[in-house]
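# A structural walkthrough
Here is what each chain is made of, one letter per residue.
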Amino acid sequence: MSAGQAAGAAIHAYRWLARGFPEEFQRAHGNELVALSEDLIQHVAARQGWRGFLPFVAGMFGDLIMRLIAELSAEFWLNVKYALRTLRKSPGFAAVSILSLGMGIGMGTSVYSQLESTVFREVPRVAEPKGLVRFQRPAGYPDYEDYRDHSGQFATLAAYLAPVPFVVNWGAGPERAWGHLVTADYFATLGVAPYLGRLIGPEDKPGGLPVAVLSHRYWRDKLGARRDIAGSSIRINGQAVTVIGVGPPDFLGASPMMAAADLFLPTSIQTRVAPELGSGALTDRRVAAFQLFGRLRPGVKVSEAENALDTMARNLEQQRNDPGKDHKGRRVTLLPGGRLIPVRDEDLPTVTAFPAILVGLMLWIASANVATMLLARALARRKEIAVRLAIGAGRGRILRQLLTESMLLAIAGGAVGLLFAYWSNSTTEWFRPIIPNYMDLQLRISWTAAGVTFLLSALTGILFGLAPALAATRSDIASALKSGGATRGFRWFSTRNILVLQQVAGSLALLLMTGFIILGFQRTANVDVGFDTSNLYTMSLDPVRDGYSAEQARDFFDKLPAKVREIDGIVAATLTQSAPLNLFGGQSIVATKQDFLDEAAGTRVKPTRIEHVGSGYFETIGIPLVAGRGFQTPDERGEARVVVVNENMARNFWPNTTAVGQTVDLQGKRYEVVGVARNVRSTFVIDEGANGAYLPVAQSAYATPSAQGVTLMVRSRPGIDVITAVRRLVSSQDANVTVFHADSIENQVRNLLLLVKITTVLYGAIGLFGLLLAAIGLAGVTAYAVVQRTKEIGIRMALGARRLDVVRLVMREGTWMVAVGTVFGFAAAYALVQTASTYLSALSQVLQTSMTDPLLLIGAPLLLAGLALAACYWPARRSTRIDPLAALREE
Amino acid sequence: MAIHLKPNWFHVLLALSEGDQHGYAIMQSVLEHTGGKVRLWPATLYGTLKKLVDAGLIEETGDRPAFDDARRRYYRLTPEGQAALAAESSRLRELVRILDSRVPL
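Every residue gets a number counted from 1 within its own chain, in the order that chain's sequence is written. As a convention, the first chain written is A and the first ligand written is 1, with the rest following in written order. Side-chain atom pairs in this predicted model are given and counted only at pLDDT of 80 or more, local residue features only at pLDDT of at least 70, and totals for whole chains, interfaces and linings cover all residues.

Further remarks concern the overall build of chain B. By the criteria applied, helices consist of DSSP H or I runs no shorter than four residues and strands consist of E runs no shorter than two, each listed in order from the N terminus. The helix and strand inventory of chain B stands at four helices and three strands. Listing every helix and strand of chain B by position from the N terminus yields α-β-α-α-β-β-α. Each of the 105 residues in chain B was classed as buried or not, and the buried ones make up 28%. Taking all contacts inside chain B whose residues are at least 6 apart in sequence as the whole, residues at least 24 apart take part in 51%. With C-beta atoms placed from the backbone, a residue counts as buried when 20 or more other C-beta atoms lie within 10 Å of its own, as exposed when 12 or fewer do, and as partly exposed for counts between those limits. It is the C-beta atoms, placed from the backbone, that decide contacts: two residues are in contact if theirs lie within 7 Å.

Encoded structure:
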């Protein structure tokens, strides 16, 4: 190729690039610039050959590109200024667009961020989390050993007991903390490296010195981040234990979401330190208390291992003649062990479908709303655009101008969205007070999600900002100038109507789904608890973990209630294992689902909740006894097997006779009914109609208290600081005994309701958001329709149409849109509900609300229609103020 | 007049002070005046011309030679342009005078 030929190509490229200059520049100097450059390039190529040509052409192009950037960015800033001025002139439009885009982007980002921080997240600090599997159900320790040693499936298999409460004293007084009791291969299987010292391993054999590993956060927050901690001694459950190491930062055990651990003790530790390991926990197969996780041998598939383990479990059941050996169903199910929430890959869609649909709907509605408004605006701006075209603005210039406007909206929306996402992520903090062993999820904004949602809404803005601009700039200038916009009749399938239709439909679908949740939660919250919650307090004690022997504990609890009652202002006090209205922890309800056998009828009846309560329980809580008596001290000694049942159970079991004096078989033992108590609310989940039975707390229970300890419930006269008084009393008895989980029942109810409130506010906001946007969209479209039909309305009024006729005319279209949108909305909601059915059916059970609730099916569309029609009415009313003369004169 | 002229502007105004010229001629004239040191590449040249027109310092003139390329446009100084050039020239002269009196080169 000669320099001359190259010159031809260079000129071609130069011309092409020069077309990128703004029209204004091109008109002024474009031709001249290209002509001059062509001459120069040809001249240099002819005169100087390759040597001079190359640097010259490089200079030419460098110059051209620099100038292009300068001219275009100058125009861009002009566009931005102009766009800002335009948006300032219609603040309502700007605010609604930015807010709807912001809400859409924000919701999308925050929901995805939350999924990423929970469902998609792996257990922190674990090596190769994808290789970990966990057993879905806990197993007995001997079974664990069999699986580990004889199944041949695992490269390594570990087990742990969790959550385990410990009373820790490092010199500043006793305090409760949660931990895991772990087997020797726990840390090795997880692949966790120590931050300080060493972790628990095979060297920690039974009979050795008691040792413990601390979590990094516990070491940092409670032990002042002492670097010489390894080797020092602290007291755990009243026993001296040597701290051997600290785990890595953020590591809170193998299941931080379900049971975050701050302490790790080996299963080889003495039962003095960990009473949980007593009573056969390590020897009895029936005590299925251990969580199992491990890594499969290389080449073993999860499904293969699962089948092999299942077969093995069945064989073990046969060998030891287990009572459940002939049950059908899987014994062993393996789940991914490295995920924060053990969800299988194939189940992920189920978990994510519902939030994804909600967010998708919101984004959709938000985008549709902005699109509708941009379209309507572009039509209204046809005149402005026509004027600018007429006075010589280039089409590209106007397109870029409109694009800048859309982009500005998208960017502002993105900023609002990010703020919203930050705010909504911080709301998870609200849950902190109600979850005892809390793992800080450290919710972070997912930038992927933020980027994708932002791009999506920006694209919508561009698409719907540009499409009408293209149409407007292509239009016939003369006619646009004359009428300020074409007056066309109503068309069903105009872009605008389709947009509004699907917006109404989308809003309804969103409203139905959020309404379902809100209704459910409201119903849960509105159930009467069944007793007076004021001046009632609950506290937990666990002297065994404070270092007491069984005898000492029994002695302590024997005397405690009487001593508490002696405190001035205290009306009643009782010791109990379960207490009403618990959410996650505190004093748990022993919720054994037992099948009662009604011997008279010989039929199986509903499962029954069993609660173990002390004497004076009914008096203290204030549960009225409808018949018979409550428990007395002899009952606690187990002298007679007695039971108090609730009204539901009395009705279900003995519909025709009085319950008192009847007998019933519970957990294989026969009990005599001595009383009937009124139904009360026991748990967060409503259990109206559930059978409830109260058994007296056996004295032996005090020797081996549950993880939650023994609960002391106290009722006082108003205005008394019961918690301080009881603490003082207990510490005067023994300073080593800790009072924990001290709270008023009113506070617990408030915490419970907090969850309900948060949910209601959150879903309410989403539903309202959709509703408002649909209404605004409809109002906007109607308003523009009125503007466009000004002439028609003017003529009609001049010909004698009354105000009501005009309103009716304008409203008719809106009404049709709402009606058709409702039909589509139901169809959409139905389709979406099918997609998320697994999730929703689980939710239905908890919330006792169904998607076919009449309140929802009738209420939601009525609400939407009402608001939408009200939104239409506003522009319709304005249309009646059209002055016929002025309208006609405008032509 | 207190307009501070950018170097490119100054060169273009200086070239036009010798008479009306078209773009290519301005470019050549600047190149000659500066002994080949200042080359106004085409896009920069026309960018500068546009800015000078917008600022009212130069204008297009209808007068042109009879047989010339029709695409060429001719430019001339406006009175404001002349004033700006004069002001800038005397500013520069003053600078040079100061430099000459202080620094023996």
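Once you've had a look at it, read on.
A few words now on the overall build of chain A. Secondary structure assignment for chain A yields 24 helices and 21 strands. Put simply, chain A has 891 residues, and 43% of those count as buried. A sequence separation of at least 24 residues applies to 83% of the contacts in chain A between residues at least 6 apart.

Here we take up the pairing of strand β20 (residues 710–716) of chain A. Residue and element names in this part refer to chain A. Most of β20 is tucked away, with seven of its seven residues classed as buried. Along β20, one buried face is formed by V710, L712, V714 and S716 and the opposite face, lined by T711, M713 and R715, is buried too. For two strands to be treated as a pair, DSSP must find at least two bridges joining them. In terms of strand pairing, strand β11 (residues 536–541) meets β20 through six bridges, oriented antiparallel. Bridging across to β20, M539 finds its partner in L712. Looking at chain direction, strand β12 (residues 570–576) and β20 are connected through six bridges and run antiparallel.

All names here are of chain A. Among buried residues, those of type Ala, Val, Leu, Ile, Met, Phe, Trp, Tyr and Cys that are joined through C-beta atoms within 7 Å form a set called a nonpolar core. M362, V504, A509, L778 and A868 are the most contacted members of the largest nonpolar core, which has 87 residues in total. The greatest single-element share of this core, amounting to 19 residues, is contributed by helix α8 (residues 348–380). For M362, the residues in contact, after removing those within four places along its chain, are M103, G104, M107, L510, I766, F769 and G770. Of all hydrophobic cores here, the second largest spans 65 residues; its members include A159, V164, I200 and V243.

Another point: the environment of B:L52. Residue and element names in this part refer to chain B. Along the chain, L52 turns up in helix α3 (residues 42–55). On the basis of neighbour count, L52 is assigned to the buried category, with 24 C-beta atoms found within 10 Å. In sequence terms L52 and V12 are 40 residues apart; their C-alpha atoms lie 9.1 Å from each other.

Okay, helix α7 (residues 302–319) of chain A next. Residue and element names in this part refer to chain A. Compared with the 26 Å implied by 1.5 Å per residue over 18 residues, the 26 Å span of α7 between its first and last C-alpha is a close match. When α7 is considered as a whole, its buried residues turn out to be A305, E306, L309 and A313. Down the axis of α7, the buried set is contained in an arc of 100°. They therefore lie on one face. Turned more than 90 degrees away from the buried face of α7 sit S303, E304, N315, Q318 and Q319, all of them exposed. Structurally, α7 contributes buried residues whose contacts are with α4 (141–150), β9 (291–296) and β10 (334–336). Taken from the residues just after α7, N321 is the one with a positive phi, measuring 55°. Expected span of a helix: the number of residues minus one, times 1.5 Å. By arc we mean the arc of the directions from the helix axis to the C-beta atoms, nothing more.

Bringing the packing of helix α21 (residues 803–835) of chain A against helix α23 (residues 854–879) of chain A into the picture now. Residue and element names in this part refer to chain A. Here the axes come from fitting lines to C-alpha atoms, over the contacting stretch only for helices, and the angles between their N-to-C directions go from 0 to 180 degrees. Running from N to C, α21 and α23 point in directions that differ by 155°, and their axes come no closer than 9 Å. Taken together, the axes of α21 and α23 lie roughly antiparallel to each other. Seen along the crossing, α21 lies across α23 with a hand that is right-handed. Contacts between α21 and α23 involve V806, V807, V810, M811, G814, T815, V818 and T822 on the former and, on the latter, P861, A865, A868, L869, C872, Y873, P875, A876, R877 and S879. Class assignment of the residues belonging to the contact of α21 with α23 gives a composition of 13 nonpolar, four polar and one charged. Each angle receives one of four descriptions, namely roughly parallel if under 35 degrees, roughly antiparallel if over 145, roughly perpendicular if within 65 to 115, and oblique otherwise. Handedness of a helix crossing follows the sense of rotation of the near helix relative to the far helix, less than a right angle counterclockwise being left-handed and clockwise being right-handed. Under the grouping applied here, Gly and all other residues not named as nonpolar or charged are polar, the nonpolar ones being Ala, Val, Leu, Ile, Met, Phe, Trp, Tyr, Cys and Pro and the charged ones Asp, Glu, Lys and Arg.

Residues and elements named next belong to chain A. Per-residue pLDDT for chain A averages 81, and the proportion of residues at 70 or more is 87%. What pLDDT reports is the predictor's confidence in each residue, on a scale of 0 through 100. The spread of mean pLDDT over the elements of chain A runs between strand β13 (residues 594–598), the lowest at 42, and strand β8 (residues 263–266), the highest at 96. Every residue in residues 484–488 scores below 50 in pLDDT, and together they form 11 contacts with partners more than four places removed in sequence or on other chains. The low-confidence segment residues 583–605 (pLDDT under 50) makes 56 contacts with residues lying over four places distant or belonging to another chain.

The next subject is unusual backbone geometry. Residue and element names in this part refer to chain A. P163 follows A162 through a cis peptide bond whose omega is -10°. Along the chain, P163 falls in strand β2 (residues 154–169). Positive phi, close to 40°, is recorded for E128, a residue that is not glycine. Following the sequence through the fold, E128 ends up in the loop between α3 (91–117) and β1 (132–135). Judged by the 11 C-beta atoms lying within 10 Å of it, E128 falls in the exposed class. Phi at N237 takes a positive value of approximately 50°, unusual for a residue other than glycine. Mapped onto the secondary structure, N237 falls in the loop between β6 (233–236) and β7 (239–246). Judged by the 26 C-beta atoms lying within 10 Å of it, N237 is buried.

With 17 residues of chain A at the contact, the number on the chain B side is 13 residues. Within the side of chain A that touches chain B, the residues separate by chemical class into nine nonpolar, four polar and four charged.

Residue and element names in this part refer to chain B. Here we have three strands laid out as an open sheet, ordered β1-β3-β2, and antiparallel in their pairing. The two strands at the open ends of the sheet, each matched to only one other strand, are β1 (21–22) and β2 (58–61). In terms of strand pairing, β1 meets strand β3 (residues 74–77) through two bridges, oriented antiparallel. Across the sheet, the residue bridging to Q21 is Y75, located in β3.

Let us look at the environment of A:L263. All names here are of chain A. Relative to the assigned elements, L263 resides in strand β8. By C-beta crowding, L263 is classed as buried, having 23 other C-beta atoms within 10 Å. For the pair L263 and L214, spaced 49 residues apart in the sequence, the C-alpha separation amounts to 4.8 Å.

This part takes up the pairing of β7(A). Residues and elements named next belong to chain A. Across two bridges, the pairing between strand β4 (residues 196–197) and β7 is antiparallel. Residue pairing across strands places G197 opposite G245, the latter belonging to β7. Pairing geometry for strand β5 (residues 211–214) and β7, over four bridges, is parallel. Bridge assignment links L214 to a residue of β7, and that residue is V246. Examined bridge by bridge, β6 and β7 share four bridges and lie antiparallel to one another. Across the sheet, I236 pairs through a bridge with Q239, a residue of β7.

Below, the discussion takes up α23(A). Compared with an ideal rise of 1.5 Å per residue, which puts 26 residues at 38 Å, α23(A) spans 37 Å between its outermost C-alpha atoms and is within 8% of the ideal. Along α23(A), the residues that are buried comprise A:L856, A:A860, A:P861, A:L864, A:L867, A:A868, A:A871, A:C872, A:P875, A:A876 and A:S879.

Right, let's get into the packing of helix α1 (residues 7–16) of chain B against α3(B). All names here are of chain B. At a closest axis distance of 10 Å, the pairing of α1 and α3 adopts a crossing angle of 80°. Between α1 and α3, the angle falls in the class roughly perpendicular. Taking contact as the criterion, the partners of N8, W9 and V12 in α1 are, on α3, T44, T48, L49 and L52. Here the contact of α1 with α3 is built from residues that sort into four nonpolar, three polar and no charged.

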